[in-house]
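# Observations on the model geometry
Below, each chain spelled out in residue letters.
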Amino acid sequence: MRKFLSITFALVLLLSFSVSAQDQRRVLKGKVTASTDGLPMPGVTILDKSNQTGTTTDVDGQYSISVTDKSVLVFSFIGYASKEYTVGNMTQLDVVLEEDSRVLGEVVVVALGLTKEKEKVGYSVSTVSSEVLDKARETNVANSLAGQVAGLVVKGTNGGPGGSSNIVLRGLPSISGTGSPLFVINGVPMDNTQRGSAGQWGGSDNGDGIGNLSPDDIETMTVLKGQAASALYGARASNGVILITTKGAQKGGDWSLTYNLNVMTENAVDFTNFQREYGQGTGGQRPITATDARTSGRFAWGERMGGNVIGYDGNQYPYAPSSEGYIDFYRTGTNTTNSVAISKGLGKDGAFRLSLSNLKSNSIVPNSGVDRLNINLNIDQNITEKLNITAMINYIDQEQTNIPSLSDGPRNPNNFLFLAPNIRPSIFAPGYDEAGNEIVFSDDIFVTNPYFVANKNINNLGRKRTISALSAKYSFTPKIYAMLRVGNDVSNDDFYNVEPTGLAYTANLQGNLGGRGLSTRTELNVDALLGGDFKLSDDISLDALVGGTIRKNSFETVGVSGSRFVIPGLYSPFNVVNFGRSYGFEEREVHSGFYSLGFGYKDFLTLTTTGRYDVYSTLPVNNNNIFSPSVTGAFLFDKFLNMPALDFGKLRASYAVTSGEPFAAYQTQFYYNSANSYAGVPAGSSPLGLPNLSLKPFTTDEIEVGFDLSFFKTRLSFDMAYFTKTTNNEIMNANYSISSGFNSGVVATGSTRNKGIEVLVTGIPVQTANFSWKSSLNFTNVKNEVLSTDPNNNPINLGQNRATLGNAVTAYVVGLPGPQIRAYDYKYDANGNIVVNSAGIPERGELKNWGSVLPTVYGGWNNDFTFKSFTFGVLIDYSFGNKVLSATEFYSHFRGLHQNTLVGREGGVTTNEITATAENYYRGLVQNVTRTSVVDGDFIKLRQLTFGYTFPREMFNSVPVLKGLTASIVARNLAILMRKAENIDPEATFGSNISYLGIEGTSLPSTRSIGFNLNFKLN
């Protein structure tokens, strides 16, 4: 199949660069201006109805398009009345658009990469343009969606520039899934698998699929929120769909060359507010020996600071608040992106765009970063008047160096966070002694010296990835077509992880080879579609679509490992005492058929129904198929109201079902494993996981009702939606008694429900010839509930941090929002008083539920100001109603750093007439009463600022190479305007999947970035 695809794609490339000999076609040029002020209108859509091709106007309102005498062109722009022209023998066509009270002609991308007039869509759709993505950019482009879309929660992990993006749409995702929506590029699904994530035992966030893309190649990202919007995608769409449309070129257009330079610097931000009165030590005493100094370096239970103190190395140091903090270990990170794109029309019937983008990202962690090269090619060619071929290929070459380990485990570069306030981190540099062995700076050898991590650690990951799509569309008539589309996503990864020689916790300081190997992940999608638009009568229209798809996924990995290097510093698998190897393999396949029928009555009523039939290879053959329907309706009621202020009014409603399959393959069969030989005889082992022969596809159904309203010639608009979404028969893990012969299995008994409202308000408070202010506010309120878990409806534990290990977790709890934080309360007597033991330490009470890690209210406020050639933008986003399980809160109390621990330093803490020393009290408190580690996650953030200037074109008349220049200053994550958590960023997290949402565990600090963007348009 790969060979066939390669040959086919090569032939298409050759055909694309040939110009069809069609004497009747020619290029029509013109300019589009607005009737109100006569100014050029960029971004106007020009559609040739005869063959469904089109283009848009450039920044000067100019356009060119390939036409024939019979071409019928439609000019449309939001807020303006569309105009339609038959070309005839015209060679120049200048168009003036009039403001319209109705929002006509606006086209949005919907399922399968198709487009539809927005007024006919019966569900909620939100689009984010390239301008949002490529100015104040994030290394992972998905993080740029934060605060931009109602119903969408986006959080990146604090794991460095190559980290994953955690995206939750409309509340709690499916229990069994990662929670991320399905990403689709130019109509073809892409693989967004996370390549490794951290847990409470450490590990690193190795990134996801969407993080490989360059924002310079993306034209729009369209969020399909509801099940009705994503129903045609079936499996993996139960958490929503994000459609990515890549940039292309206009047919018949001239050469266009652009160069973009983006430079961002980022600095770590210290959100802690630790006490700086008492210094290093325990028992109220400063250390008096070097050994004491080393073992008490992360305890601030010493004396009130003053004078000098012995250090870990036997030298004297000031016993005073240090001029350095843990944040000073980090350097200024830099992200530099150079992008160049060239495009041109291929004769009258084709166009291509080729772009190259290089990202050089230096992490705030020394000797850590990401290098990424993106090459993107888009080709659009009319082979004949009826046959159109499009091709896209995106090549990614990415190298991640020294990926930071997270959580509070080994090799975490943030281990200086809990140093006593009198200790300067720099005294532990370079992290190793003359023999190359780690300088141990604390009481725990598993708390690695961050300087040793930066200078000696190896955790590298390389990726070479190709995402390609080839589509052929044949138009039998201007309104009936057939399409064949093939998409292929192939990732080849190499990993190299070393625990270096000299690392304190390794046996005899000899280090270990954590792993070195290769893995390959592929996804192949083949779609066939037949569709058309039909006029059934003067009042009734029909758009119909029928098709099928085949999806194949495969994963294979092979690696070697070993323990204890023989020759120090030689990190080869042939240089280990004990050698290990690993192998993994998985394949899955889905066959699907689908249809869509959309009926329109006159110009005010649309009713659409879809259906999809899926057959899953991961389920038993007698129960592996399911049909998933949807129905949507749109009613334009403004036509029946005599309200001059109302430009547009639409009532929309939908009901849909999507399906899903198991999160892992091979759960319905019994597989034996090979084992070590016994007495020279080969042996095998029986698995402890019980297969389930009764699994079936789980489903998600949703009802959505909404309004679209526009007033005062589109100066004020509302997009409102109410939804209720329920998952049924979710496939999840279950635990069994080992006496049965098995200790685990999978069951299909999970169920959750989400209810919520979404509101988007967009307004233009001021608009003059020289100044405009556009403001938009999105608001979401979601309430979720876990309806059922395992067969006995027991709480299902998800994640935890090492600080409160086993005593505080996140879990799915029936009847409550999820994931819920569960932690121990105080023990109370009959009168409600806190019970303490004989030492004066509060005793542990009941295990209680303290709130969900998912917010109930969230959104963003976006403002864009334009004055002549100047632009200014500001984005504020907010989140309320969630809780965070914080390791920082635990350790800062346990180690005497929290401001609370100042109480009782001199006289102790007295409860019920029993006094305990402050050290004993607070250490015992947080160990027994883990609710003290649960904090509020509410925040309001100044997320983004941009300030730009577009230089007048006349300035470059004497510069033959340059046609235009736009410069902007950009910033991200500037400030937290409000937070309730005292010592952390409420968004801080070390895990990249649903199990670790809302768990803070001393990952890398959050960063604040600022930089500039230069966009050059060249001749």
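Our subject in this report is the structure included herewith. (Residues numbered from 1 in each chain as written. Predicted model: local features only at pLDDT ≥ 70, side-chain atom pairs only at ≥ 80, totals over all residues. Heavy atoms only, no water.)

For the protein chain, the count of helices and strands is 7 helices and 53 strands. Taking 1019 residues into account, the globule formula puts the C-alpha radius of gyration at 31 Å, and the protein chain, at 31 Å, falls close to it. With respect to the principal axes defined by its C-alpha atoms, the protein chain has extents near 95 × 70 × 65 Å. Across the 1019 residues in the protein chain, those meeting the buried criterion constitute 55%. The long-range fraction of contacts in the protein chain, counting pairs at least 24 apart against all pairs at least 6 apart in sequence, stands at 69%. As displayed, the protein chain has an accessible area near 40900 Å², and 56% of this comes from carbon and sulfur atoms. Averaging the locations of the 84 positively and 89 negatively charged side chains of the protein chain gives two centres separated by 3 Å. (Helix = DSSP H or I, 4+ residues; strand = E, 2+ residues; numbered from the N terminus. Rg over C-alpha atoms; globule rule 2.2 N^0.38 Å. Buried < 20%, exposed > 50% of the residue type's maximum accessible area, 1.4 Å probe, protein only. Contact = heavy atoms within 4.5 Å. Areas by Shrake-Rupley, 256 points an atom, 1.4 Å probe, with all protein chains shown as cover. Lys, Arg positive; Asp, Glu negative; His and termini not counted. Charge placed at Lys NZ, Arg CZ, Asp CG, Glu CD.)

Mapping Arg588 onto the fold places it in strand β28 (residues 576-601). Within the structure, the side chain of Arg588 is placed 3.4 Å from the side chain of Glu586, a separation counted as a polar contact. Engagement of the side chain of Arg588 in a polar contact is seen with the side chain of Glu661, the distance being 3.3 Å. For Arg588, the residues in contact, after removing those within four places along its chain, are Arg551, Lys552, Asn553, Ser617, Thr618, Glu661, Pro662, Phe663, Ala664 and Ala665. (Polar contact = N/O pair within 3.5 Å; in protein donor to acceptor, adjacent residues only side chain to side chain.)

Look at any regular strand and the pattern is simple: side chains alternate between the two faces of the sheet. In terms of strand pairing, strand β39 (residues 771-788) meets strand β44 (residues 857-867) through 11 bridges, oriented antiparallel. Across the sheet, the residue bridging to Trp773 is Phe865, located in β44. Inspection of the sheet shows β44 paired to strand β45 (residues 870-880) by 11 bridges, in the antiparallel sense. Residue pairing in the sheet places Gly859 in a bridge with Tyr878 of β45. Taking the residues between adjacent antiparallel strands as the criterion, β44 and β45 are bridged by 2 residues, where Lys868 takes a positive phi near 50°. (Pairing = 2+ DSSP bridges.)

The description of an aromatic ring pair rests on the distance of the ring centres and on the angle between the ring planes. One pass over the structure, following the stated rule, counts 36 aromatic pairs. Between Tyr63 and Phe75, the aromatic rings sit 5.5 Å apart at their centres with planes inclined by 75°, giving edge-to-face as the arrangement. Here the residue Tyr63 occupies a position in strand β4 (residues 62-67), and Phe75 occupies one in strand β5 (residues 72-77), the gap between them amounting to 12 residues. Residue class for Tyr63 comes out buried when judged on its relative accessible area of 4%. When its relative accessible area of 0% is taken as the criterion, Phe75 is described as buried. Considering the side-chain rings of Tyr949 and Phe951, the 4.9 Å spacing of their centres and the 80° angle between planes classify their relative orientation as edge-to-face. Judged by its relative accessible area of 25%, Phe951 is partly exposed. Members of the aromatic cluster, connected to one another through ring pairs, are Tyr312, Phe329, Tyr330, Phe416, Phe428, Phe441 and Tyr451. Lying across the ring of Tyr824, Arg844 places its NZ or CZ 4.6 Å from the centre. (Phe/Tyr/Trp six-rings, centres within 6.5 Å; stacked < 30°, edge-to-face > 60°. Lys NZ or Arg CZ within 6 Å of the ring centre and 35° of its normal.)

On to the sheet that holds strand β3 (residues 53-56). Taking strand neighbours across the sheet as the criterion, the 4 strands line up as β3-β2-β5-β6 in an open arrangement whose pairing is antiparallel. If you trace the sheet from one side to the other, it starts and ends with β3 and β6 (80-86), each paired once. Pairwise comparison of adjacent strand axes, ignoring direction, gives a mean angle of 20° for this sheet. The pairing of strand β2 (residues 45-48) with β5 spans 4 bridges and is antiparallel. Each residue of the ladder has a partner; that of Asp48, found in β5, is Leu73. (Axes fitted to C-alpha atoms, helices over the stretch in contact; angles between N-to-C directions.)

Before going further, it helps to examine the nonpolar core. Of all hydrophobic cores here, the largest spans 48 residues; its most connected members are Tyr330, Phe416, Phe428, Tyr921 and Tyr922. Listing elements by their share of this core, those giving two or more residues are α5 (450-456), α6 (887-894) and α7 (918-928). Tallying contributions element by element places α7 first for this core, with 5 residues. Residue contacts for Tyr921: discarding those within four places in its chain leaves Gly840, Ile841, Pro842, Val909, Thr911 and Ala916. Judged by nonpolar contacts, the second largest core, of 27 residues, contains Val132, Ala142, Phe183 and Ile242. (Core = buried A, V, L, I, M, F, W, Y, C linked by side-chain atoms within 4.5 Å.)

With that settled, consider the environment of Glu266. With respect to the element layout, Glu266 can be found in strand β17 (residues 256-268). Of the residues examined, Glu266 reaches a relative accessible area of 13% and is grouped as buried. The residues contacting Glu266, other than those within four sequence positions of it, are Arg331, Thr332, Gly333, Asn335, Ile364, Thr1007, Arg1008 and Ser1009. At a separation of 3.1 Å, a polar atom in the side chain of Glu266 contacts the side chain of Thr1007.

Bringing the sheet that holds strand β41 (residues 808-812) into the picture now. Strand order in this open sheet of 4 strands is β40-β41-β42-β43, and the pairing throughout is antiparallel. At either end of the open sheet lies a strand with only one pairing partner, and these are β40 (796-797) and β43 (844-852). Pairing of β40 with β41, which is carried by 2 bridges, proceeds in the antiparallel orientation. Its bridge partner being in β41, Ile796 is matched across the sheet by Tyr812.

Now for the pattern of salt bridges. What the rule picks out here adds up to 40 salt bridges. Note that Arg424 and Glu324 form a salt bridge whose closest N and O atoms lie 3.9 Å from each other. Remark: Glu324 occurs in the loop between β19 (316-318) and β20 (333-346) and Arg424 occurs in the loop between β23 (387-401) and α5; sequence separation between them is 100 residues. On the basis of relative accessibility, which here comes to 32%, the residue Arg424 falls in the partly exposed class. Residue Glu324 is classed as partly exposed on the basis of its relative accessible area of 23%. Across the salt bridge formed by Arg753 and Glu785, the nearest N and O atoms sit 3.5 Å from each other. On the criterion of sequence distance, the pair formed by Arg753 in strand β38 (residues 744-767) and Glu785 in strand β39 is long-range, its members being 32 residues apart. The class of Arg753 is partly exposed, set by a relative accessible area of 27%. (Salt bridge = Lys/Arg side-chain N within 4 Å of Asp/Glu carboxyl O.)

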